Amino acid sequence: MLILLICSCKGREVNESPKYEWRAIEVTASAYNSVPWQTTEEDSNIAAWGDTLKPGMKSIAVSRDLLKMGLTHNTMVKIGTWPDTFYVKDKMNRRWRNRIDIYMGLDVKKAREWGRKKIDICYAIPLDTANLKN
């Protein structure tokens, strides 16, 4: 199955320069909003690395175990069949593993409708660091 995931990433139309190696993994994806009761910060628009989240941004939060796999701040991510490129802007609570949270601005209803599902993602590792991790 891993071979199919890797092939599906390489077969995607990604208009990025060949400075990246695209890797694929299956994760559990949920959604979150920048509302105070869903965050740990007083300012619910501030992400873990200090980025200001705004509705409409294509950003995700990642579980901390994924950081070691290369999903670090500003990593480009393709989610399932969505045509957009998302960027890692936030980190999740330490209790989560193999998980992403898709940022959905203030639209709590949309986030609830998304729910939680297993999906394939592809993420870009700069070639100069990809060789170091193998």
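Residues numbered from 1 in each chain as written. Predicted model: local features only at pLDDT ≥ 70, side-chain atom pairs only at ≥ 80, totals over all residues. Heavy atoms only, no water.

**Considerations on the overall build of the protein**
A count of helical and extended segments in the protein gives 4 helices and 6 strands. From first element to last, N terminus to C terminus, the protein shows the α and β order α-β-β-α-β-β-β-α-β-α. Residue pairs in contact within the protein that sit at least 24 positions apart in sequence constitute 76% of those at least 6 positions apart. Surface summary for the protein: the accessible area is close to 8,100 Å², and the carbon and sulfur share equals 51%. (Helix = DSSP H or I, 4+ residues; strand = E, 2+ residues; numbered from the N terminus. Contact = heavy atoms within 4.5 Å. Areas by Shrake-Rupley, 256 points an atom, 1.4 Å probe, with all protein chains shown as cover.)

**Re the pattern of salt bridges**
Scanning the model with the defined rule gives 3 salt bridges in all. Notably, a salt bridge pairs Glu 21 with Arg 23, separated by 2.8 Å at the nearest N-O pair. As a salt-bridge pair, Asp 51 and Lys 89 come within 3.7 Å of each other at their nearest N and O atoms. Placement of the pair is Asp 51 in the loop between β1 (20-32) and β2 (59-62) and Lys 89 in strand β4 (residues 85-91), with a sequence separation of 38 residues. (Salt bridge = Lys/Arg side-chain N within 4 Å of Asp/Glu carboxyl O.)

**What about the side chain of Asp 101?**
Its place among the elements puts Asp 101 in strand β5 (residues 99-103). Separated by 3.4 Å, the side chain of Asp 101 and the backbone nitrogen of Ala 31 make a polar contact. Setting aside residues up to four positions removed in sequence, Asp 101 forms contacts with Ser 30, Ala 31, Tyr 32, Ser 59, Ile 60, Ala 61 and Met 92. (Polar contact = N/O pair within 3.5 Å; in protein donor to acceptor, adjacent residues only side chain to side chain.)

**Concerning the confidence of the model for the protein**
For the protein, the average pLDDT comes to 84, and 77% of its residues sit at 70 or higher. Overall, residues 1-7 carries pLDDT values under 50, and its contacts beyond four positions in sequence, including any with other chains, amount to 5 contacts. (pLDDT = per-residue confidence, 0-100.)

**Quick word on the nonpolar core**
The biggest cluster of nonpolar side chains holds 21 residues, and the ones touching the most others in it are Ile 60, Leu 71, Val 77, Ile 79, Ile 100, Ile 102 and Ile 121. Breaking this core down by element, the ones donating at least two residues are β1, β2, β3 (76-79), β4, β5, α3 (108-114) and β6 (117-126). Those residues in contact with Leu 71 that lie beyond four places of it in its chain are Ile 25, Val 62, Leu 66, Val 77, Val 88, Ile 121 and Tyr 123. Grouped together as the second largest cluster of nonpolar side chains are 6 residues, Leu 53, Ala 61, Met 92 and Tyr 103 included. (Core = buried A, V, L, I, M, F, W, Y, C linked by side-chain atoms within 4.5 Å. Buried < 20%, exposed > 50% of the residue type's maximum accessible area, 1.4 Å probe, protein only.)

**A closer look at the packing of aromatic side chains**
Under the defined criterion, the tally for this structure stands at 3 aromatic pairs. Arranged with centres 5.3 Å apart and planes meeting at 40°, the rings of Trp 82 and Phe 86 form a pair that is tilted. In this structure Trp 82 comes out as partly exposed when scored by relative accessible area, which is 25%. Accessibility expressed as a relative area gives 2% for Phe 86, which makes it buried. In textbook terms, an aromatic cluster arises when at least three aromatic residues are bridged by ring pairs, as seen for Trp 82, Phe 86 and Trp 114. A cation over a ring is seen here: Lys 117 above Trp 114, with NZ or CZ 3.9 Å from the ring centre. (Phe/Tyr/Trp six-rings, centres within 6.5 Å; stacked < 30°, edge-to-face > 60°. Lys NZ or Arg CZ within 6 Å of the ring centre and 35° of its normal.)

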